[in-house]
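Analysis of the macromolecular model
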Amino acid sequence: MIVFLILILFIMIVVIALSAILQEKLIDSIVLFMGVGLVSVVLFFIFQAPDVALTEAVIGAGISSVIFLMALKHLGVQR
Amino acid sequence: MKLSGFSLSAVFVVTILNILLQNTQSITQRAGEQLLNLNATDGVANAVTTVVVYFRGFDTLGEIAVLFLASLGIGLMLHSNNRCTLKTESNFILQTASKLLFPIIMLFGVYIMVYGHLSPGGGFQGGVIIASAVLLLLISNKSFEVPHSLITIIETFAGVSYVLIGLIGLFVLDNFLGNFLPNDIANMGILLSGGIIPIIYILVGLKVGSEMSMMVQNLIYREDS
C-alpha cells in the first residue's frame, strides 16, 4: 500500500518538474518549483525524516521561492 | 531536448520502481531504527539533533560561517538606503492578516527553535520561520524597518557565544564543544536536558533568524532601476 503512495509521489515529482522546465513564463516555473518542494516534503516524511521534511518545507518551498520571486521582480523579465 | 528529458525521467521512474519492489519491507524502517539507537549516548531525545550539534558540532559552526558570508555578500552588493516603492499599495486583507498571523508565526518559530532537542526541527528551521514572519511584516507594512543595531547585537552575541561555549568545552573536557553541563540520560525528554545542546541550538536559531531577516530586507530595499 505504502509502495503505491510512494510511487505516485515520485511520478508527481517528475511530472511537476518537467512541466516546470517546459513553461513559457518564468513565474509559472517558480510556482511549480514550489510544488516540487511540497511533494518532496510528503516523501521525506514517509521515509521517516521529519527534520529534513521541515527544512525542505521552510527553506525549499518557502524562503527560496520568495528570493526567486524578488530576483525576477528586480530583473524585470516580463515574458 | 524534450525527448531526452522524457526518456531520462522514464529511466528514473523505472529505477525507483525497481528499488521499491526489491526491498519493500525494510525501506521505510531502516534509517529511523538505527538513529534511535544513538539516543543513549547523550541526553537528547531527537537523534538528529545529537548528530548535528554534538557529533558534528564543528560542521554546524562552519555552516553558520557560510550563511554569514552569504548574508554579508548580499548586504555588500544590494544594500541601499532608498526603499523601492511598490507599484500597488498592499491591500486591506494583507494588512489585517499580517497583524493576525505575525505573532502566531513568530511563536511557532520560537517553539521550533527551543524544542529542537526534543522534537523535529531546530535552530535553522526556527530561524528561517522567524525570518518569514519578518518578511510578512515587510511586504504588508510600508513603514516597517528591521532595527539594524538590534540585529547587529543579536548576531554578534550568538556567534561569539557559540565559539565561547566550544572553548569552555575544550578547556574542561579536552574536546571542542564538549558537553560540560549535566546531561543525564534519566532526564531525557524534558525541556532542561541535554546539557549545552539546547543552548547551542537556540544560539544558532538567533543567528540564522537575524541573518535571514537582514537578507530579506536587503532584497526588498533595493532601489528600482
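Residues numbered from 1 in each chain as written. Chains lettered and ligands numbered in written order. Predicted model: local features only at pLDDT ≥ 70, side-chain atom pairs only at ≥ 80, totals over all residues.

**Side note on the overall build of chain B**
Scanning chain B from N- to C-terminus turns up eight helices and zero strands. Out of the 225 residues in chain B, the part that is buried amounts to 30%. Sequence-distant contacts, at least 24 apart, represent 72% of the contacts inside chain B between residues at least 6 apart. (Helix = DSSP H or I, 4+ residues; strand = E, 2+ residues; numbered from the N terminus. Buried ≥ 20, exposed ≤ 12 C-beta atoms within 10 Å, placed from the backbone. Contact = placed C-beta atoms within 7 Å.)

**Focus: the interface of chain A and chain B**
On the chain B side, the residues contacting the 23 residues of chain A number 25 residues. When contributions to the side of chain A that touches chain B are tallied by element, the ones reaching two or more residues are helix H1 (2-21) and helix H3 (50-75) of chain A. It is H3(A) that provides the largest number of residues to the side of chain A that touches chain B, a total of twelve residues. For the side of chain A that touches chain B, the class distribution of residues is 18 nonpolar, four polar and one charged. (Nonpolar A, V, L, I, M, F, W, Y, C, P; charged D, E, K, R; others polar.)

**Comments concerning the confidence of the model for chain A**
Close inspection of predicted coordinates is inappropriate in any region flagged by low pLDDT. Of the residues in chain A, 96% have a pLDDT of 70 or more, and the chain-wide mean is 88. Put simply, H3(A) is where chain A has its lowest mean pLDDT, 87, and helix H2 (residues 26-46) of chain A is where it has its highest, 92. (pLDDT = per-residue confidence, 0-100.)

**Some points on unusual backbone geometry**
Within the chain, Gln48(A) stands out as a residue other than glycine whose phi angle is a positive 60 degrees. Taking the number of C-beta atoms within 10 Å as the measure of exposure, Gln48(A) has 16 and is therefore partly exposed. If you check the backbone angles, Asp174(B) has positive phi at about 55 degrees while not being a glycine. Checked against the element boundaries, Asp174(B) lands in the loop between helix H7 (148-173) and helix H8 (197-221). The exposed category is assigned to Asp174(B), around which 8 C-beta atoms lie within 10 Å.

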